[in-house]
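If you want the building blocks of each chain, they are given just below.
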Amino acid sequence: MSSYEPLTIDSAVALVKKLGLLAETDTVSANEIGDGNLNYVFHIKGTEKSLIVKQALPYAKVVGESWPLTLERADIENRALRLQGTFAPDYAPKVYYSDKDLAITIMEDLSHLTIARTGLIHGEDYPLIARHTGEFIARTLYGTSDFALGPQEKKKLQHTFSNPELCDITEGLVFTDPFFNAETNDFEESLRADVEKLWQDDELKLHAAQLKRLFLTAGDALLHGDLHTGSIFASPAETKIIDPEFAFYGPFGFDIAHFTANLFMNVLSREEGRREPLYEHIVTVWDVFNREFSRLWNEQNTEAFAKTEGYLEWLLADIFEQAAGFMGLEMIRRTIGLAHVKDLDGIVDDQQRLQAKRHSLSLGAHFVKERASYSSADQLVAAVKEALQ
Ligand code: SR1
Ligand code: MG
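Computed from a predicted model, the values in this text were never measured in an experiment.

Caption draft 1: Inspection of the site of ligand 1 at higher detail. Surrounding ligand 1, one finds Asn37, Leu38, Val62, Trp67, Leu173, Asp226, His228, Phe246, Arg333, Arg334 and Ala339. Within the contact set of ligand 1, an oxygen atom lies 2.8 Å away from a side-chain nitrogen or oxygen of Arg333. Burial of ligand 1 by the surrounding chains reaches 95%, relative to a free accessible area of 320 Å². Looking at the shell around ligand 1 residue by residue, the classes come out as six nonpolar, two polar and three charged.

The following block contains the structure:
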């Protein structure tokens, strides 16, 4: 049994050689490339093969050692990646090795791809990203739900994906803190009046509380749990969904909500005339999700009520409503909470940046409060277009 210690570049290289993943005699180059909030990520390149070694740190890197975190999340991530790979092999990175005690996962190198958020900020387009992500979400959610697994297998699997510490982070940073004068919040002083208005909006707070309750109590399926555009590697042809350390059994609408929220925040950073591909992605991801989830349901569902007229349609409408609300919450917390997005923070012009952040806050609050009045992605897109006119 290995005992935990943080890897260095040299010890990461020594480990992959010891494991035989690269030859002892191979000449390698290696770097620490992690730019996320929580982990070390080493890119190790041999002459013929390259690898990623990811190691969880016993604290949140984004804050420092004052925010301790269990290493258990590396095991959750490793098991989630492997499971997602069985349902959506084209969209999950291959895992070569994992060690629970060292909190490491060694996986396929994806450095021929770009983190979608970075690419989108630089104006790249990924024509297949929405189709692939919609298929990934539909297949992983359906495949881990009661409808696919039946009551016993599902509950046993659910038990193994209890992820209290990372759920606590989401419950605080996404659902709670942005609505109160919490220490974790982080916003520009020029936004203070907008933020204080939000803290005083009791109607909004009631809706946030309802959505938080759904997140706390619904155990529909194994979620990715943090499916923003920084968790996606993409090229025009390929999409790989990484970093499921927040995976747990939660509500069906959560993952698609975070993907679409992050696309909308990229929309807010773009000039008019460059927003259309993102609007199309938002419509496509919903079309593909609905189609793929329905296909799996119609082909495989053994639930007694599966063929009951209206049940699937009701469920898809319910998922959409939840997701519109979760999407709004993600837009709010990425604007004023602890973890921001470069799409908005990176807007250099002060007035444009503040305007984009105000749109993110007001649209976010609108989607949270009015989620029940939306029933299609076209309507979400129309609301954003109208706000930006
Ligand atoms: C302390 S972790 C902050 C954020 O980074 C992750 O990617 C999650 O989105 C989390 O909320
Ligand atoms: Mg992450």
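From this point, the discussion proceeds with the structure in view.
Caption draft 2: View of the packing of helix H13 (residues 350-369) against helix H14 (residues 377-387). The interhelical angle for the contact between H13 and H14, taken along N-to-C directions, is 145 degrees, at an axis separation of 11 Å. The two elements H13 and H14 cross, and the hand of that crossing is right-handed. Contacts between H13 and H14 pair His359, Leu363 and Phe367 from the former with Leu380, Ala383, Val384 and Ala387 from the latter.

Caption draft 3: H13, seen in detail. The terminal C-alpha atoms of H13 lie 29 Å apart, and with 20 residues this matches the ideal 28 Å at 1.5 Å per residue to within 8%. Turning to H13, its buried residues number three or more, namely Arg353, Leu354, Ala356, Lys357, His359, Ser360, Leu361, Leu363, Gly364, Ala365, Phe367 and Val368. Contacts from the buried residues of H13 go to helix H7 (192-199), helix H8 (202-217), helix H9 (254-269), helix H11 (311-336), helix H12 (342-345) and H14. Of the residues that open H13, the one with a side-chain oxygen 3.1 Å from the backbone nitrogen of Gln351 is Asp349.

Caption draft 4: View of H7. Along H7, the residues classified as buried are Val195, Leu198 and Trp199. The buried residues of H7 occupy one face: seen down the axis, they fall within an arc of 100 degrees. H7 presents Ala193 and Lys197 as exposed residues on the side facing more than 90 degrees away from its buried surface. Against H8, H11 and H13 lie the buried residues of H7.

Caption draft 5: Highlighting the packing of aromatic side chains. For the structure on display, the rule yields 22 aromatic pairs. With 5.0 Å between their ring centres and 45 degrees between their planes, Phe215 and Phe254 make a pair best called tilted. Pair noted here: Phe215 is in helix H8 and Phe254 is in helix H9, with a separation of 39 residues, a long-range link. In this structure, Phe215 and Phe254 share a single accessibility class: buried. By the ring-pair criterion, three or more aromatic residues cluster together here, those being Tyr142, Phe147, Phe252, Trp286, Phe289, Phe293, Trp297, Tyr311, Trp314 and Phe320. In this structure, Lys49 packs its charged tip against the face of Tyr96, placed 5.4 Å from the ring centre. A cation over a ring is seen here: Arg79 above Phe161, with NZ or CZ 4.6 Å from the ring centre.

Rules and cut-offs
- Every chain's residues receive numbers from 1 upward, in the order its sequence appears when written.
- Chain labels run from A onward and ligand labels from 1 onward, assigned in the order the entries are written.
- Predicted model: local features are reported for residues with pLDDT of at least 70 only, side-chain atom pairs are reported and counted for 80 or more only, and whole-chain, interface and lining totals are derived from all residues.
- The basis for every side-chain value is the complete set of non-hydrogen atoms in the structure, without hydrogens or water.
- Proximity criterion: a residue is near a molecule or strand once any of its heavy atoms comes within 4 Å of it.
- N or O atoms within 3.5 Å of each other form a polar contact, as long as, within protein, one can give a hydrogen and the other can take it, and as long as residues adjacent in sequence are counted only when both atoms are side-chain atoms.
- Residue-level accessible areas treat just the shown protein chains as cover; the underlying method is Shrake-Rupley with a 1.4 Å probe.
- Lys, Arg, Asp and Glu make up the charged group, whereas Ala, Val, Leu, Ile, Met, Phe, Trp, Tyr, Cys and Pro make up the nonpolar group; the residues left over, Gly among them, are polar.
- Convention adopted: a line fitted to C-alpha atoms gives each axis, helices being fitted over their contacting stretch, and angles between N-to-C directions are expressed from 0 to 180 degrees.
- What counts as a helix is a DSSP run of H or I of at least four residues, what counts as a strand is a run of E of at least two, and both are numbered from the N terminus.
- It is the rotation of the near helix from the far one that decides the hand of a crossing: anticlockwise by less than a right angle makes it left-handed, clockwise makes it right-handed.
- Here, two residues are considered to be in contact whenever any of their heavy atoms come within 4.5 Å of each other.
- A helix is expected to span 1.5 Å for every residue after the first.
- Remark: exposure states derive from per-residue accessible area (1.4 Å probe, protein chains only) relative to the maximum for the residue type, with buried under 20%, exposed over 50%, and partly exposed in between.
- Note that the arc is defined by the directions from the helix axis to the C-beta atoms.
- Only Phe, Tyr and Trp rings take part, Trp by its six-membered ring, and two of them pair if their centres are within 6.5 Å. Stacked means planes under 30 degrees apart, edge-to-face means over 60, and tilted covers everything else.
- Charges are assigned to positions over rings by a cutoff of 6 Å between ring centre and Lys NZ or Arg CZ, combined with an angular limit of 35 degrees from the ring normal.

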